[in-house]
Amino acid sequence: MNAIKEKNFISAVAYVHNAELALEGFLNSLYSTLNEKFEKFEIICVNDASSDGSIGAIKQLSGKFYNCTLSILNMSYYQGVEAAMQAGVDFAIGDFVFEFDSTMMDYTPELIVRIYDRALQGFDIVSCGTEQMRACSKLFYAVYNRHSGTQYMIKSETCRVLSRRAINRVHSMSINLPYRKALYSNCGLKVDHIHYKSTQNGARRTQTLKNPSETAMTALILFTNLAYKITLVFTLLAMLATLGTVGYVVTIYLTGNPVEGYTTMMIFMSGAFFAIFTVLSVIIKYLSVMLGLIFNKQRYIIESIEKVAG
């Protein structure tokens, strides 16, 4: 056991949704690790409308946690990991805040200490993750990192630690966090990532995103220029088709026997469509920027907060 414990106050925020079977092992490992390393800490379990015995399992374990605060933050209804974890981090008061998006621990507890120690070396955000992921996730990360243009690439993450400065910086950028990893990589502070080999070969994590495809699309629109590039390509193709139609009409007029009024009508319609496509390309670009303004309200609703230990 460490003779001298860390003086920084630590918050650990864990996402809980129907995780009754995994909670005992996770919370016991988390508590033991934090208790050995830190002098003062709190654990916040964000209950995202669990329908199993998750709450009962947390309360049953609370009697073992003597020198820390254990709280349960109950979401009003199922809102997904992004909204739920935002609520938990907003509630946390630590100098450093750990985020656990899942209670499945496919890593050794020492990794928690390792990412904290890395943060003390000058990194405001340190995450850890394994390369094991679904094919669709690999595709998303590849597309995002190619078109985001940011300094740090996002990766599959299991947990992370944030300094209070990082939390304040991200909140000053946006009230609502539709995709935390993207904002963390864009906050301008130093970020690091530690890879580990999963201790549970073949095991897959439960999907915690409420709408994974929607979240992926939102991230690509807000934090990359991919949507604008795609729109621009289709707009240019439409413009070329319009110009081709004009050329075809003029050719028929000069070399054939066009129907009376046909040439004038087609040139007018082609010109109109050309103008519409041009305006749409500009509007869509502005919309892609203005979508960032949707972060103007909180997107989570809390039912209650229970302090069960401490």
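Rules used in this analysis
Residues numbered from 1 in each chain as written. Predicted model: local features only at pLDDT ≥ 70, side-chain atom pairs only at ≥ 80, totals over all residues. Heavy atoms only, no water. Helix = DSSP H or I, 4+ residues; strand = E, 2+ residues; numbered from the N terminus. Buried < 20%, exposed > 50% of the residue type's maximum accessible area, 1.4 Å probe, protein only. Contact = heavy atoms within 4.5 Å. Areas by Shrake-Rupley, 256 points an atom, 1.4 Å probe, with all protein chains shown as cover. Axes fitted to C-alpha atoms, helices over the stretch in contact; angles between N-to-C directions. Parallel < 35°, antiparallel > 145°, perpendicular 65-115°, else oblique. Nonpolar A, V, L, I, M, F, W, Y, C, P; charged D, E, K, R; others polar. Expected span 1.5 Å × (residues − 1). Pairing = 2+ DSSP bridges. Salt bridge = Lys/Arg side-chain N within 4 Å of Asp/Glu carboxyl O.

Chemist: I'm lost on the overall build of the protein in this one. Help?
Modeler: Across its full length, the protein holds 10 helices and 8 strands. In the protein, buried positions account for 45% of the 310 residues. Excluding contacts between residues fewer than 6 apart, the proportion of contacts in the protein whose partners are at least 24 apart in sequence is 83%. Surface summary for the protein: the accessible area is close to 16000 Å², and the carbon and sulfur share equals 60%.

Chemist: What is the right way to read the packing of helix α1 (residues 20–37) against helix α4 (residues 110–119) from this model?
Modeler: Any two packed helices are characterised by the angle at which their axes cross and by the distance between the axes. Axis separation between α1 and α4 bottoms out at 10 Å; the angle between their running directions is 45°. In this view, α1 runs oblique relative to α4, as classed from their interaxial angle. Only I112, V113, Y116 and D117 of α4 make contact with α1, whose side of the interface consists of L30, T33, L34 and K37. Classifying every residue of the contact of α1 with α4 gives 5 nonpolar, 1 polar and 2 charged.

Chemist: So what exactly am I meant to see when it comes to α1 here?
Modeler: Every α-helix winds through 3.6 residues per turn, so residues three or four apart in the chain are directed the same way. With 18 residues, α1 should cover 26 Å at 1.5 Å per step; its first-to-last C-alpha distance of 26 Å lies within 8% of that length. Residues L23, F26, L27, L30, Y31, T33, L34, N35 and K37 constitute the buried set of α1. Here the buried face of α1 lies against β1 (10–16), β2 (41–47), α2 (54–61), β4 (96–100) and α4.

Chemist: Just to check I follow, could you spell out the environment of D124 for this structure?
Modeler: With respect to the helices and strands, the residue D124 is situated in the loop between α4 and β5 (125–129). Accessibility expressed as a relative area gives 7% for D124, which makes it buried. As for D124 and Y184, which are separated by 60 residues in sequence, their C-alpha atoms are 9.6 Å apart. Ignoring any residue separated from it by four or fewer positions in sequence, one finds D124 in contact with V161, L162, S163, R165, A166, L189 and K190.

Chemist: Hey, could you run me through the sheet that holds β2 in this one?
Modeler: Through backbone hydrogen bonds, the strands of a sheet pair up, either in parallel or in antiparallel fashion. If you walk across this open sheet you meet the 8 strands as β7-β5-β6-β4-β1-β2-β3-β8, and the pairing is mixed. The sheet is open, and its two borders are formed by β7 (191–195) and β8 (302–309), each paired with just one other strand. Going from strand to strand, the sheet's axes swing by 15° on average, the running direction of each strand aside. The sheet contact formed by β4 and strand β6 (residues 159–163) spans 5 bridges and is antiparallel. In the sheet register, F98 faces β6, and the bridge partner there is V161. Across the sheet, α2 touches β1, β2, β3 (69–75) and β8, and the angle it forms with β3 is around 165°.

Chemist: Which parts of the structure should I look at to understand the pattern of salt bridges?
Modeler: Under the defined criterion, the tally for this structure stands at 11 salt bridges. Residues K7 and E39 are paired through a salt bridge, measuring 2.6 Å at the closest nitrogen-oxygen approach. Remark: E39 occurs in the loop between α1 and β2 and K7 occurs in the segment before β1; sequence separation between them is 32 residues. In this structure, E306 engages K59 in a salt bridge whose closest nitrogen and oxygen atoms are separated by 3.0 Å. One end of the pair, E306, is in strand β8; the other, K59, is in helix α2, and 247 residues separate them in sequence. Under the relative-accessibility criterion, K59 is labelled partly exposed at 39%. Each of E82, E99, D101, E157, R160 and R180 takes part in salt bridges that share partners, so that together they form one network.

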